[in-house]
Amino acid sequence: MQPFNLQPTMSTTKNTPPPREATQTRVWGRALSESGKPFQYLIIHCTATPAGRWISADDVKRWHTKPKPYGNGWKQVGYSDLILLDGTRHTFVKHNNDTFIDSFEVTNGVAGINLISRHLCYVGGLDSSHKMPLDSRTPQQISTMLDIIGEVLSYAPNVKIAGHNQFDNKSCPSFFVPSWLKRLGIPEHNIEWRDPFGYRKQFCST
Ligand SMILES: [Zn+2]
């Protein structure tokens with residue numbers, strides 16, 4: 001496993017912040033009109049699709065935003081970024097790379113913490129029978145995930161990283177994120193260890 005590197009590499013999707021009103025007053029680099037809360041969590045998810053099955057960003061967008069019963073009927077996709085099977089990063093919701101979650105950056109991956117979180121999803125998470133949780137991340141997906149984590153920690157160094165299964169009783173993202181982060185040498189203050197549903201036991205033998 002490569003040592004963790006906090007220097008972000010170039011991502012495949014351009015991450016340009018949205019244009020701001022010329023009249024905005026800025027205090028400490030932050031526009032007064034922004035109403036965001038502090039960015040506290042980067043939550044990792046999976047699409048809960050079988051290992052190796054190609055799922056596109058358009059597929060995920062359709063699942064989330066098409067009206068019921070064809071989709072969830074959400075206004076916005078539930079994740080900030082998606083990592084495709086080949087490691088390509090698709091940014092659904094642009095973010096301005098600061099320590100706040102502004103209103104335009106909110107996505108709904110985990111009810112209750114969305115105003116303070118960003119959500120990162122990889123394609124996969126189930127075995128080929130489509131039944132059992134499986135950490136099916138390809139080497140390319142892991143590499144992109146590390147790039148994104150490094151990028152986030154470079155501008156928001158106090159963010160804690162966690163998996164969806166640490167906030168809801170579901171196996172997503174099919175591995176126990178804190179143990180993985182610790183093995184990589186991610187600083188302890190960036191690892192969220194809460195485990196109210198006991199997924200550490202399910203996914204880690206030690
Ligand atoms: Zn999830």
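Here is a short report on the structure shown in this document. (Residues numbered from 1 in each chain as written. Predicted model: local features only at pLDDT ≥ 70, side-chain atom pairs only at ≥ 80, totals over all residues.)

### Some words on the overall build of the protein chain
Part 1 of the argument: When its secondary structure is counted, the protein chain shows four helices and 11 strands.
Part 2 of the argument: Split into buried and exposed, the 206 residues of the protein chain put 33% on the buried side.
Part 3 of the argument: Put simply, 70% of the contacts in the protein chain that link residues at least 6 apart link residues at least 24 apart. (Helix = DSSP H or I, 4+ residues; strand = E, 2+ residues; numbered from the N terminus. Buried ≥ 20, exposed ≤ 12 C-beta atoms within 10 Å, placed from the backbone. Contact = placed C-beta atoms within 7 Å.)

### Focus: the environment of Asn169
Part 1 of the argument: By the secondary structure assignment, Asn169 is in the loop between strand 11 (160-163) and helix 3 (177-184).
Part 2 of the argument: With 9 C-beta atoms packed within 10 Å, Asn169 lands in the exposed category.
Part 3 of the argument: Residues Asn169 and Asp195, spaced 26 residues apart in sequence, show a C-alpha to C-alpha distance of 9.8 Å.

### Description of helix 2 (residues 139-155)
Part 1 of the argument: Here helix 2 spans 25 Å end to end across 17 residues, near enough to the 24 Å set by a 1.5 Å rise per residue.
Part 2 of the argument: Restricting attention to buried positions, one finds in helix 2 the residues Gln141, Thr144, Met145, Asp147, Ile148, Ile149 and Val152.
Part 3 of the argument: Its buried side turned inward, helix 2 meets strand 4 (41-46), strand 6 (81-83), strand 7 (89-91), strand 9 (117-122) and strand 11. (Expected span 1.5 Å × (residues − 1).)

### Brief notes about the environment of Thr138
Part 1 of the argument: The residue Thr138 is located in the loop between strand 10 (125-126) and helix 2 in this model.
Part 2 of the argument: For Thr138, a count of 18 C-beta atoms within 10 Å translates into the label partly exposed.
Part 3 of the argument: Here the alpha-carbon distance between Thr138 and Leu84, two residues 54 residues apart in the chain, equals 9.4 Å.
Part 4 of the argument: Beyond its immediate stretch of four places on either side in the chain, Thr138 contacts Leu85 and Gly87.

### Some words on the pairing of strand 4
Part 1 of the argument: The buried count for strand 4 comes to six of six residues, which makes it a mostly enclosed element.
Part 2 of the argument: In strand 4, alternate side chains face the same way, and those of Tyr41, Ile43 and His45 on one face and Leu42, Ile44 and Cys46 on the other are all buried.
Part 3 of the argument: As judged from the six bridges shared by strand 4 and strand 9, these two strands associate in the parallel manner. Within strand 9, the position partnered with Tyr41 by the bridge is Ser117.
Part 4 of the argument: Pairing of strand 4 with strand 11 involves four bridges; the strand directions are parallel. The residue of strand 11 that forms the bridge with Tyr41 is Lys160. (Pairing = 2+ DSSP bridges.)

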